[in-house]
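Structural characterization, general
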Amino acid sequence: MSLPIGYDSDLQQVVQITGQVAQATEGVLADPPASVRIQELGPDDIMLEVRFWTDSRRSDFVLMSSAIRTEIVRALKAAGIGLPDPDVRILTFRHPEV
């Protein structure tokens, strides 16, 4: 699953929190462990890839992914880390040269 993070975030802290949350979610297998990698450096944010494994015979992957996303957002907010808001843009107005 993908997770956008702002360039102003503490990347190491985000990776640590995200990995811990994914691994701690009930139903996620211990082996192989959950992992977090930088997927892409975008113009507005860093895209992380969160990987985890589950036994699909015992759990619904879609529900598991939703639970992990919910817990990641909760944990990042608790740590004071915000997620990027694509609707926020900083515009700089310049006077035309005459």
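Our structure's up above, just so we're on the same page.
Summarised in this report is the structure supplied together with it. (Residues numbered from 1 in each chain as written. Predicted model: local features only at pLDDT ≥ 70, side-chain atom pairs only at ≥ 80, totals over all residues. Heavy atoms only, no water.)

As for helix α1 (residues 11-24)
Taking 1.5 Å of rise per residue, the 14 residues of α1 would be expected to cover 20 Å, and the 20 Å separating its terminal C-alpha atoms lies within 8% of that figure. Every buried residue of α1 is accounted for by V14, I17, T18, G19, V21 and A22. If you follow the buried residues of α1, they end up packed against β1 (2-6), β2 (35-41), β3 (45-51) and α2 (61-78). Capping the start of α1, D10 holds a side-chain oxygen 3.3 Å from the backbone nitrogen of Q12, two or three residues further along. (Helix = DSSP H or I, 4+ residues; strand = E, 2+ residues; numbered from the N terminus. Expected span 1.5 Å × (residues − 1). Buried < 20%, exposed > 50% of the residue type's maximum accessible area, 1.4 Å probe, protein only. Contact = heavy atoms within 4.5 Å. Polar contact = N/O pair within 3.5 Å; in protein donor to acceptor, adjacent residues only side chain to side chain.)

Some thoughts on the pairing of β2
One ladder, built from 6 bridges, connects β2 with β3; its direction is antiparallel. Its bridge partner being in β3, R37 is matched across the sheet by E49. Following β2, the chain reverses through 3 residues before pairing antiparallel with β3. (Pairing = 2+ DSSP bridges.)

Thoughts on the environment of D31
Residue position: D31 is located in the loop between α1 and β2. For D31, a relative accessible area of 65% translates into the label exposed. Remark: the alpha-carbon pair of D31 and F52, spanning 21 residues in sequence, is separated by 9.3 Å.

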